[in-house]
Amino acid sequence: MTDFVQLVIAGLATGAIYALAAVGFTLLWQTSQTINFAQGEFVMLPAFFALAGMKFLGLPFPVAALAAILLSMLTLGVLFKTVIVDPLHKQGTLPLVISTIGLAILLREGVKEFYSAEAQRFPSFFPDINLGTAANRGGSGFNVSADQIGVLIVATATILLLAWFLSSTKTGRQMQATAQNPTVARILGVNVERMVMYTFLINGALAAMASLLISPIYLAKFSSGETLGLVAFVAAIVGGFNQVRGAIAGGFLIGIADNLVAAYVSSTYRQAVPLAFLVLIILVRPQGLLGRAEERAV
Amino acid sequence: MANPDTILSLDNVVSGYGKMTILNGTSAHIRRGKITTVIGPNGAGKSTLFKTVFGLLAVRTGKIEFGGRDTTNWSPRQMLDAGMCYVPQGRNIFPELSVRHNLELGGVALADPSGLPARIESMMQRFPMLSEKANAQASTLSGGQQKLLEVARGLLLEPRLMLIDEPSIGLSPLMVQEVFGILKGLRDNGVTILLIEQNAKMALQMSDYGLVLEQGQTRIEDTAPNILADPRIAELFLGGGLKPAITA
């Protein structure tokens, strides 16, 4: 039982990070019909921004982390939108999808070429202590690290802050309006272009948060975006492609499931978990757990 | 425009989608404070006319004047500021936002946002249904209630002219009467209504003027009773098209 609780807590911690990436993915889809297959690389890259800041500029970790978030908003937000999405959007969804796949390869290989092909240790915001009961510490008993709890709290707080912003501020509601019906939003005078830009900035910030939280656990590596991108994509689909809260649920679900499968079945199957979910959901409930069926006018 | 009764005029307007030209030199004069119904067969360019006037489609050639100003190729935001609102065809609510927040979005273009809460309150008094459902998700409203919400949202800026496209689609006859009643009430308060209706006869019966479009051009501009009595209209709607000799 203690094993199970530990695994669920670890799963919630990774799940919260997956949820950050999945929420950003969903937001981009909703407001700009961008299916970003580079989302995993977007989560991989900011950790290297921070590492580069510390290594080449000698910045202390907190400053480097903050710089990484800002730089991510600039590059993964503004640059991504203006250089790739805006010009290609007019050509339809598919060319944009393929471009994001190309971008993923570019980012992956770029980091490998210019930084390192080795997995990098990454500092954590949280102290490395075990919060488990003293008697069990180090044994087979109850082990929960401050790191896991810290990740869970920070990621959840980020999501709650975003949810609050979207539902409780006028700008947030204009963003929701843009996501739900851009034409009508424009007719009412909403500055749709600005709302879409906000979405890209938020996605950049969410990806950076996810990156800073996950890299201490799984190390920073050029190839880590492959799994993360898949998880974000599947979490978004499992939860319902058009629902932010669906993406949150999907992220947590996959986080918990892959920890449980790794422990009780085999860690070899860990990567199969998101794919199994994907197949199951598409077969049983194609609109996703919380999604609504989308009608498409021809 | 010289005539002070005209609030909106189109002069030889050409517009369309991509390579397709829909409005093919459309001219029209819409009377201030009246209901004008635009009728015409499918593909005549009725909805395109609205989108072009409201700045959602570019005017290629020609000129649009609204309230004495040249508004050719103004943006929707500029048209809102000039006193026009547009209620498109179909469902135009934000389904996952509450009724109150849907209404609030009608005030985005308000120059002074501090007046917004009072406007929302007065709109809710005018339409008590909106007040009862204020906190419900808009998707839970019936089709007719959604249309009322759209109209109320459009009225939040106190427009001088409302473009409303096929408001009766999918509504019960009773609800259609209610929506038409609201439009008449607006007209009586000085708001100009430009209406598109598939049910041309019913719409013309409550209109002051009618505008018959065919193939992107104005074929008839007259009072509603005259159009209702015009034998050519039946012919047009039976798909025959107007005989060129008759158009003068």
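For the structure itself, consult the block above.
Here is a short report on the structure shown in this document. (Residues numbered from 1 in each chain as written. Chains lettered and ligands numbered in written order. Predicted model: local features only at pLDDT ≥ 70, side-chain atom pairs only at ≥ 80, totals over all residues. Heavy atoms only, no water.)

**Description of the overall build of chain B**
- On a plain count of helices and strands, chain B comes out with ten helices and ten strands.
- In terms of C-alpha radius of gyration, chain B reaches 18 Å, essentially the compact-globule figure of 18 Å for 248 residues.
- Each principal axis of the C-alpha atoms in chain B carries an extent, and together these give about 60 × 35 × 35 Å.
- A burial count over chain B gives 54% of its 248 residues as buried.
- Surface summary for chain B: the accessible area is close to 10,600 Å², and the carbon and sulfur share equals 50%.
- For chain B, the centre of its 24 positive side-chain charges and the centre of its 23 negative side-chain charges are spaced 2 Å apart. (Helix = DSSP H or I, 4+ residues; strand = E, 2+ residues; numbered from the N terminus. Rg over C-alpha atoms; globule rule 2.2 N^0.38 Å. Buried < 20%, exposed > 50% of the residue type's maximum accessible area, 1.4 Å probe, protein only. Areas by Shrake-Rupley, 256 points an atom, 1.4 Å probe, with all protein chains shown as cover. Lys, Arg positive; Asp, Glu negative; His and termini not counted. Charge placed at Lys NZ, Arg CZ, Asp CG, Glu CD.)

**A word on the packing of aromatic side chains**
Residue and element names in this part refer to chain A.
- A full pass over the atoms with the stated rule returns eleven aromatic pairs over all chains.
- Considering the side-chain rings of Phe-37 and Phe-233, the 5.1 Å spacing of their centres and the 50° angle between planes classify their relative orientation as tilted. One end of the pair, Phe-37, is in the loop between helix H1 (2–32) and helix H2 (39–57); the other, Phe-233, is in helix H9 (residues 225–239), and 196 residues separate them in sequence.
- Their ring planes at 45° and their centres at 4.9 Å tell us that Phe-61 and Phe-125 sit as a pair that is tilted. One end of the pair, Phe-61, is in helix H3 (residues 61–89); the other, Phe-125, is in the loop between helix H4 (93–114) and helix H5 (146–168), and 64 residues separate them in sequence. (Phe/Tyr/Trp six-rings, centres within 6.5 Å; stacked < 30°, edge-to-face > 60°.)

**Here we look at the pairing of strand E7 (residues 161–165) of chain B**
Residue and element names in this part refer to chain B.
- Of all the five residues making up E7, five are buried; the element is thus mostly covered by neighbouring parts of the structure.
- Side-chain alternation along E7 places Leu-161, Leu-163 and Asp-165 on one buried face and Met-162 and Ile-164 on a second face that is also buried.
- The sheet contact formed by strand E6 (residues 84–87) and E7 spans four bridges and is parallel. Residue Cys-85 lies in a different strand from E7, and its bridge partner there is Met-162.
- In this sheet, strand E8 (residues 192–196) lies alongside E7 in parallel orientation, the contact comprising five bridges. Counted as the bridge partner of Ile-164 is Leu-195 from E8.
- As for the winding sense of the linkage, the β-α-β connection from E7 through helix H7 (residues 173–188) to E8 is right-handed. (Pairing = 2+ DSSP bridges. Right-handed = clockwise from strand over helix to strand, strands pointing away.)

**Here's the deal with a nonpolar patch on the surface**
- A contiguous nonpolar patch, built from Met-1, Phe-4, Tyr-264, Val-265 and Tyr-269 of chain A and spanning about 610 Å² of accessible area, is present on the exposed surface.
- Along the chain, Tyr-269 of chain A turns up in the loop between helix H10 (244–264) and helix H11 (272–284). (Patch = residues over 30% accessible without salt bridge, like charges linked within 9 Å, V, L, I, M, F, W, Y side chains within 5 Å. Salt bridge = Lys/Arg side-chain N within 4 Å of Asp/Glu carboxyl O.)

**Side note on the interface of chain B and chain A**
- Between chain B and chain A, the residue contacts involve 22 residues of the former and 17 residues of the latter.
- For the pair chain B and chain A, the two sides together bury roughly 1,700 Å², of which 63% comes from carbon and sulfur.
- In terms of surface lost to chain A, no three residues of chain B exceed Phe-94, Glu-96 and Leu-105 of chain B, which account for 32% of the buried area on that side.
- Scanning the region where chain B abuts chain A turns up one salt bridge. (Contact = heavy atoms within 4.5 Å. Buried area = accessible area lost by both parts, 1.4 Å probe.)

**Considerations on the packing of H10 of chain A against H11 of chain A**
Residue and element names in this part refer to chain A.
- Packing of H10 against H11 leaves a shortest axis separation of 9 Å and a crossing angle of 125°. If you check the angle between H10 and H11, you find them oblique. Here H10 runs over H11; the crossing is right-handed. From H10, Leu-253, Ile-254, Ala-257, Asp-258 and Val-261 reach across to H11, where they touch Val-273, Pro-274 and Phe-277.
- Taken together, the residues of the contact of H10 with H11 break down into seven nonpolar, no polar and one charged. (Axes fitted to C-alpha atoms, helices over the stretch in contact; angles between N-to-C directions. Parallel < 35°, antiparallel > 145°, perpendicular 65-115°, else oblique. Left-handed = near helix turned anticlockwise from the far one by under 90°. Nonpolar A, V, L, I, M, F, W, Y, C, P; charged D, E, K, R; others polar.)

**Thoughts on the layout of surface pockets**
All names here are of chain A.
- The space that makes up the second largest pocket amounts to roughly 400 Å³.
- In terms of lining, the second largest pocket is formed by 21 residues, of which the most central are Tyr-218, Ser-224, Thr-227, Leu-228 and Gln-271.
- At the level of elements, H2, helix H8 (192–218) and H9 are the ones that each hand at least two residues to the lining of the second largest pocket.
- Examining the composition of the lining of the second largest pocket, we find that four residues originate from one element, H2, more than from any other. (1 Å grid on protein atoms, 1.4 Å probe; cavity = no way out; pocket = protein on both sides within 12 Å on 5 of 7 lines; lining within 4 Å. Points joined across faces, edges and corners; volume = space filled by probe spheres on them.)

**A few points about the nonpolar core**
- With 93 residues, the main nonpolar core has Leu-20, Val-23, Phe-42 and Phe-80 of chain A together with Phe-94 and Leu-105 of chain B as its most contacted residues.
- If you tally residues by element for this core, the top one is H8 of chain A, at 14 residues.
- When neighbours within four sequence positions are excluded, Val-23 of chain A is seen to be in contact with Leu-162, Leu-206, Val-244, Ala-247 and Ile-248 of chain A. (Core = buried A, V, L, I, M, F, W, Y, C linked by side-chain atoms within 4.5 Å.)

**Examining the side chain of Thr-199 of chain A**
- Note that Thr-199 of chain A resides in helix H8.
- Excluding its chain neighbours within four sequence positions, the residues that come into contact with Thr-199 of chain A are Leu-27, Leu-28, Thr-31 and Met-175 of chain A.

**Description of empty space enclosed by the protein**
- In this structure the tally under the stated criterion is two cavities of 30 Å³ or more.
- The computed volume of the largest cavity comes to approximately 60 Å³.
- Counting residues per element, the ones that place at least two in the lining of the largest cavity are helix H7 (182–187) of chain A together with E6 and helix H6 (143–155) of chain B.
- Here the lining of the largest cavity takes three residues from H6 of chain B, the largest share from any one element.
- Counted by class, the lining of the largest cavity contains six nonpolar, two polar and two charged residues.
- A volume near 50 Å³ is recorded for the second largest cavity.

**A short note on the sheet that holds E8 of chain B**
All names here are of chain B.
- Pairing is mixed in the open sheet, where six strands are placed in the order E6-E7-E8-E3-E9-E10. With partners counted over all chains shown, the strands left at the sheet margins are E6 and strand E10 (217–223), one partner each. Across the sheet, the mean angle separating the axes of adjacent strands is 15° when strand polarity is ignored.

**Considering the pattern of salt bridges**
- Applying the stated rule across the entire model yields 16 salt bridges over all chains.
- Residues Glu-65 of chain B and Lys-63 of chain B are paired through a salt bridge, measuring 3.3 Å at the closest nitrogen-oxygen approach.
- Put simply, Arg-187 of chain B and Asp-208 of chain B hold a salt bridge, and the shortest N to O gap is 2.9 Å. Taken as a pair, Arg-187 of chain B in helix H7 and Asp-208 of chain B in the loop between helix H8 (200–205) and strand E9 (209–214) lie far apart in primary sequence, 21 residues in all.
- Among the charged side chains, a network of salt bridges with common partners joins Glu-41, Arg-108 and Glu-226 of chain A.

**Quick word on the packing of helix H6 (residues 170–180) of chain A against H8 of chain A**
Residue and element names in this part refer to chain A.
- Viewed as axis vectors pointing N to C, H6 and H8 meet at an angle of 100°, and their least axial separation amounts to 9 Å. Relative to H8, the element H6 lies roughly perpendicular. Side by side, H6 and H8 meet where Thr-171, Gln-174, Met-175 and Thr-178 of the first sit next to Val-192, Met-195, Val-196, Tyr-198, Thr-199 and Ile-202 of the second.
- Classifying every residue of the contact of H6 with H8 gives six nonpolar, four polar and no charged.

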